[in-house]
Amino acid sequence: LSSVSGLLKRGADALRAVKVAAPATDARRLLAHALGVEPARLAAMSTDEVAPERQSVFMDMIERRSAGVPVSHIVGYRDFWKLRFRVTPDVLDPRPETETLVELALGAPFSRVLDLGTGTGCIVISLLAEREDARGVGTDISPAAVLVAGENAARAGVADRLLLPVSDWFADVGGRYDLIVSNPPYIAAYEMDGLQVEVREHEPRAALTDEADGLSAYRSIAAGALDHLRPGGRLLVEIGATQGVAVVALFAAARLQEIEVHTDLEGRDRVVEARAAPG
Ligand SMILES: C[S@@+](CC[C@H](N)C(=O)[O-])C[C@H]1O[C@@H](n2cnc3c(N)ncnc32)[C@H](O)[C@@H]1O
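### Observations regarding the nonpolar core
Stage number 1. If you look at the biggest cluster of nonpolar residues, it comprises 26 residues, and the most contacted ones within it are Leu114, Ile180, Leu235, Val237, Val247, Phe251 and Leu256.
Stage number 2. Among the elements that make up this core, the one with the highest residue count is helix 10 (residues 216-228) (5 residues).
Stage number 3. Setting aside its immediate chain neighbours within four residues, Val247 contacts Leu215, Tyr218, Val237, Ile239 and Val272.
Stage number 4. Counting residues in hydrophobic clusters, the runner-up holds 23 residues, among them Val4, Leu7, Ala12 and Met45.

Okay, structure coming up:
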């Protein structure tokens, strides 16, 4: 049981027993970290013996994961899109479904991008890394979050093209953008008790919920969008799977145009797109 494959099985079984959502994936991420290799390398190492001291590092991590600590907090990072992002308890752990928004954003040209509620900075930093002539602004109401985003921007080599002010949505944001993106807190207050422990107890509450009906952020974003978009500029927001109709209505009432709902890889409504009228 001291081979790579044996440890993966032991770790995944332990996580499965306490009903962790993705036991095999989590065990792979943790073992890769314990061995200092990329998760994709583990398959080729499956019969390798693991040194006893690495085994105990791994089993300690499995124990913390079993207690509800997110993998990203144990290893300190999350791979998102094409980059690695530092993750601390001050920021939301970037989710794979948010890559849907990144992909849609990259579907049209932009030179100035604004990311509202940037957290780790995973959205705007990924966009700037893909578009070397673009500049961006990423805001967050949390000063601790923009510090983490700043660290991630430096590591990705985009810090000279990204400003990271603290702002309550548009309150301290000037200028106009040809792309505005946001993955705001969209969980309603009454849904918070139903979340997994790792989310409810380990992620910043203000990153998850508006403490109301889950739509407050979309109201603020809709209200300020036309004053911050260039003519023909695009707005892309991530939504919860049941929020499409409500967010489309808010955007229509704010006189945004060409409003569309896009699904994620699981086929759930995930992103609402809209445009400012062309000039
Ligand atoms: C769901 S998290 C998204 C983080 C990151 N963009 C991502 O996709 O992983 C929402 C973010 O919005 C920020 N936020 C909450 N209320 C805000 C407000 N009033 N103004 C600006 N940002 C806010 C939170 O601090 C958090 O970082």
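### Points about the site of the ligand
Stage number 1. In the vicinity of the ligand there are 18 residues, among which Gly117, Asp140, Asp168, Trp169 and Asn183 approach most closely.
Stage number 2. At 3.3 Å, a backbone N or O of Thr118 approaches a nitrogen atom of the ligand.
Stage number 3. Within the side chain of Asp140, a nitrogen or oxygen atom sits 2.6 Å from an oxygen atom of the ligand.
Stage number 4. Against a free-state accessible area of 590 Å², the protein chains account for coverage of 93% of the ligand.
Stage number 5. Within the residue set of the shell around the ligand, elements represented by two or more residues are helix 6 (122-130) and helix 9 (205-208).

### Overview of the pattern of salt bridges
Stage number 1. The final tally for this structure, using the stated rule, is 19 salt bridges.
Stage number 2. Among the salt bridges present, the one from Asp13 reaches Lys9, with a minimum N-O distance of 2.7 Å. With Asp13 and Lys9 both in helix 1 (residues 4-17) and 4 residues apart, this pair spans about one turn of that helix.
Stage number 3. Across the pair Asp79 and Arg84 runs a salt bridge whose closest N-O atoms are separated by 2.7 Å.

### Concerning helix 6
Stage number 1. Most of helix 6 is tucked away, with 7 of its 9 residues classed as buried.
Stage number 2. Of the residues making up helix 6, those classed as buried are Cys122, Ile123, Val124, Ile125, Ser126, Leu127 and Leu128.

### Section: the packing of helix 10 against helix 11 (residues 244-253)
In helix packing, the relevant descriptors are the interaxial angle and the interaxial distance, both defined with respect to the helix axes.
Stage number 1. It is at 9 Å that the axes of helix 10 and helix 11 come closest, and there the two elements cross at 25°. Taken together, helix 10 and helix 11 sit at an angle that is classed as roughly parallel. The two elements helix 10 and helix 11 meet at a crossing, and its hand is right-handed. On helix 11, the residues that touch Tyr218, Arg219 and Ala222 of helix 10 are Val247, Leu250 and Phe251.
Stage number 2. Tallied by class, residues from the contact of helix 10 with helix 11 come to 5 nonpolar, no polar and 1 charged.

### Comments concerning the pairing of strand 8 (residues 257-263)
Stage number 1. Where strand 8 meets strand 9 (residues 269-275), 5 bridges bridge the pair, whose relative direction is antiparallel. Each bridged residue has a counterpart across the sheet, and for Val261 the counterpart in strand 9 is Val272.
Stage number 2. Hairpin connection of strand 8 to strand 9: 5 residues between the antiparallel strands, including Gly267 at a positive phi of 80°.

### Notes on the packing of aromatic side chains
Stage number 1. Considering all chains together, one arrives at 1 aromatic pair under this definition.
Stage number 2. Above the plane of the ring of Tyr177 lies Arg112, whose end atom (NZ or CZ) is 4.6 Å from the centre.

### Regarding the environment of Ala225
Stage number 1. With respect to the helices and strands, the residue Ala225 is situated in helix 10.
Stage number 2. Residues Ala225 and Gln257, 32 residues apart in the sequence, show an inter-C-alpha distance of 11 Å.

### Examining helix 3 (residues 52-66)
Stage number 1. Helix length check: helix 3, at 15 residues, gives a terminal C-alpha distance of 21 Å against a target of 21 Å (1.5 Å per residue), a fit within 8%.
Stage number 2. Taken together, the buried positions of helix 3 are Gln55, Phe58, Met61, Ile62 and Arg65. In an axial view of helix 3, the angular spread of the buried residues amounts to 125°, which keeps them on one side of the axis. Residues of helix 3 that are exposed and angled more than 90 degrees away from the buried face: Pro52 and Glu63.
Stage number 3. Here the buried face of helix 3 lies against helix 1, helix 2 (23-35), helix 4 (71-75) and helix 8 (197-202).
Stage number 4. Immediately beyond the C-terminal end of helix 3, within one or two residues, lies Gly68, with a positive phi of roughly 105°.

### As for the packing of helix 1 against helix 3
Stage number 1. Remark: helix 1 packs on helix 3, axes separated minimally by 9 Å, with the N-to-C direction vectors making an angle of 20°. Taken together, the axes of helix 1 and helix 3 are roughly parallel relative to one another. Every pair of crossing elements has a handedness; the one defined by helix 1 and helix 3 is right-handed. For the pair helix 1 and helix 3, contact is made by Leu7, Arg10, Gly11, Ala14 and Leu15 and by Gln55, Phe58, Met59, Ile62, Arg65 and Ser66, respectively.
Stage number 2. Of the residues contributing to the contact of helix 1 with helix 3, the split by class is 6 nonpolar, 3 polar and 2 charged.

Conventions used here
Residues numbered from 1 in each chain as written. Predicted model: local features only at pLDDT ≥ 70, side-chain atom pairs only at ≥ 80, totals over all residues. Heavy atoms only, no water. Core = buried A, V, L, I, M, F, W, Y, C linked by side-chain atoms within 4.5 Å. Buried < 20%, exposed > 50% of the residue type's maximum accessible area, 1.4 Å probe, protein only. Helix = DSSP H or I, 4+ residues; strand = E, 2+ residues; numbered from the N terminus. Contact = heavy atoms within 4.5 Å. Near = heavy atom within 4 Å. Polar contact = N/O pair within 3.5 Å; in protein donor to acceptor, adjacent residues only side chain to side chain. Areas by Shrake-Rupley, 256 points an atom, 1.4 Å probe, with all protein chains shown as cover. Salt bridge = Lys/Arg side-chain N within 4 Å of Asp/Glu carboxyl O. Axes fitted to C-alpha atoms, helices over the stretch in contact; angles between N-to-C directions. Parallel < 35°, antiparallel > 145°, perpendicular 65-115°, else oblique. Left-handed = near helix turned anticlockwise from the far one by under 90°. Nonpolar A, V, L, I, M, F, W, Y, C, P; charged D, E, K, R; others polar. Pairing = 2+ DSSP bridges. Phe/Tyr/Trp six-rings, centres within 6.5 Å; stacked < 30°, edge-to-face > 60°. Lys NZ or Arg CZ within 6 Å of the ring centre and 35° of its normal. Expected span 1.5 Å × (residues − 1). Arc of directions from axis to C-beta.

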